[in-house]
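Architecture and fold: a report
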Amino acid sequence: MLNNMNRRHFVTAGLAVTGLASFPGAVWALDDARARTLVDAVVSNINSVIASGKPLSGMISDFERIFNTYADVNIIARSTLGADANRVSSAQLRAFTEAFRGYIARKYGKRFNEFVGGRIEVNSVKQVKSWHEVKSTAYLRGQSPFEVSFLVSDRSGKDLFFDMIIEGISLRLSERTEIGAMLDRRNGDVNALIADLKQAG
């Protein structure tokens with residue numbers, strides 16, 4: 001049986017993901033239908049990649065395209081960096097975001113081969129505070145189904161997902177913990193973290 005970490009890696013491979021509690025004072029045009037449309041598109045793309053029969057390198061490239069198209073990469077990266085995002089320069093934050101983008105694509109894209117034959121199905125959507133939660137079920141070949149919740153907002157001016165909850169675990173916050181540990185091992189040197197992220201994954 002796959003453990004919970006393997007399950008989370010599987011969904012992250014398709015979606016990637018990643019300190020938003022609320023966005024007070026904003027006007028929200030996002031509705032249930034738009035949130036579901038976004039996740040339907042993500043899921044369709046993920047299922048196509050899983051079933052494509054492409055070599056791993058092609059799957060990784062496809063995953064990076066999906067991440068860039070449907071995820072709020074800037075928000076995810078900033079959240080993953082945590083409080084340190086407030087002390088770095090704008091140039092460093094941009095460099096970290098680009099390094100993080102590639103790191104996520106390589107790290108989780110490599111897991112596609114393990115889950116050929118799996119699929120994700122969208123089930124329901126509801127508004128939660130200032131975002132929308134789209135619930136789905138992930139099916140792995142020979143494994144028990146498990147719930148995946150996509151958190152969607154239009155904070156950045158378009159409909160994008162900024163986190164997923166897999167069996168009660170936030171993948172964004174999990175990655176934030178890992179990035180934080182990496183930064184601690186480098187004594188808080190963000191430039192060293194950026195350089196290492198370019199090679200990691």
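Residues numbered from 1 in each chain as written. Predicted model: local features only at pLDDT ≥ 70, side-chain atom pairs only at ≥ 80, totals over all residues. Heavy atoms only, no water.

1. Side note on the overall build of the protein chain
When helices and strands are tallied, the protein chain shows seven helices and five strands. Reading the protein chain from its N terminus to its C terminus gives the helix and strand order α-α-α-α-α-β-β-β-β-β-α-α. The buried share among the 201 residues of the protein chain stands at 49%. A total of about 9,100 Å² of accessible surface is found on the protein chain, and carbon and sulfur atoms cover 48% of it. (Helix = DSSP H or I, 4+ residues; strand = E, 2+ residues; numbered from the N terminus. Buried < 20%, exposed > 50% of the residue type's maximum accessible area, 1.4 Å probe, protein only. Areas by Shrake-Rupley, 256 points an atom, 1.4 Å probe, with all protein chains shown as cover.)

2. Let's talk about the nonpolar core
In terms of nonpolar packing, the biggest core is built from 50 residues, with Phe96, Phe100 and Val152 touching the most fellow members. With residues near it in sequence (within four places) discarded, Val152 still touches Leu30, Ala35, Leu38, Val39, Trp131, His132, Val134, Leu160, Phe161 and Phe162. (Core = buried A, V, L, I, M, F, W, Y, C linked by side-chain atoms within 4.5 Å. Contact = heavy atoms within 4.5 Å.)

3. Concerning the packing of helix H5 (residues 90-109) against helix H7 (residues 190-197)
For any two helices packed against each other, the geometry is given by the interaxial angle and the distance between the axes. Across the interface, H5 lies against H7 with an axial gap of 8 Å and an inter-helix angle of 30 degrees. Classified by the angle their axes make, H5 and H7 are roughly parallel. When you trace H5 past H7, the crossing you get is left-handed. Counted together, Gln92, Ala95, Phe96, Ala99, Phe100, Tyr103 and Arg106 of H5 and Val190, Asn191, Leu193, Ile194 and Leu197 of H7 form the full contact between these two elements. (Axes fitted to C-alpha atoms, helices over the stretch in contact; angles between N-to-C directions. Parallel < 35°, antiparallel > 145°, perpendicular 65-115°, else oblique. Left-handed = near helix turned anticlockwise from the far one by under 90°.)

4. Looking at the environment of Val134
When you line up the elements, Val134 lands in strand S2 (residues 131-139). Taking relative accessible area as the criterion, Val134 reaches 0% and is therefore assigned buried. Once the C-alpha coordinates of Val134 and Asn123 are considered, the two residues, eleven residues apart in sequence, prove to be 7.5 Å apart. With residues near it in sequence (within four places) discarded, Val134 still touches Ala35, Arg36, Val39, Val122, Ser124, Val125, Val148, Ser149, Phe150 and Val152.

5. Focus: helix H6 (residues 171-185)
In an α-helix, one full turn covers 3.6 residues, which means residues spaced three or four apart are oriented alike. Its 15 residues place the ends of H6 21 Å apart at the C-alpha level, agreeing with the 21 Å of an ideal helix rising 1.5 Å per residue. Among the residues making up H6, those that are buried are Leu171, Arg172, Glu175, Ile179, Met182 and Leu183. Mapping the buried residues of H6 onto a view down its axis gives an arc of 110 degrees, with all of them on the same face. Opposite the packed face of H6, turned more than 90 degrees from it, sit the exposed residues Thr177, Asp184 and Arg185. (Expected span 1.5 Å × (residues − 1). Arc of directions from axis to C-beta.)

6. Structural notes on unusual backbone geometry
The phi angle at Lys129 is positive, at roughly 55 degrees, despite the residue not being glycine. Of note in this structure, Glu167 is not a glycine but carries a positive phi near 50 degrees. You can see Glu167 is positioned in the loop between strand S4 (160-166) and strand S5 (169-170). The partly exposed category is assigned to Glu167, whose relative accessible area is 34%.

7. Comments concerning the packing of aromatic side chains
A complete count under the given rule lists four aromatic pairs for this structure. Between Phe96 and Phe100, the ring centres sit 5.8 Å apart and the planes meet at 25 degrees, which makes this aromatic pair stacked. Taken together, the positions of Phe96 and Phe100, both in helix H5 and four residues apart, correspond to about one turn of that helix. Each member of the pair Phe96 and Phe100 is classed as buried. Aromatic pair Phe100 and Tyr103: ring centres 6.2 Å apart, planes at 40 degrees, arrangement tilted. Of the two residues, Phe100 and Tyr103 both sit in helix H5, three residues apart, roughly one turn of that helix. (Phe/Tyr/Trp six-rings, centres within 6.5 Å; stacked < 30°, edge-to-face > 60°.)

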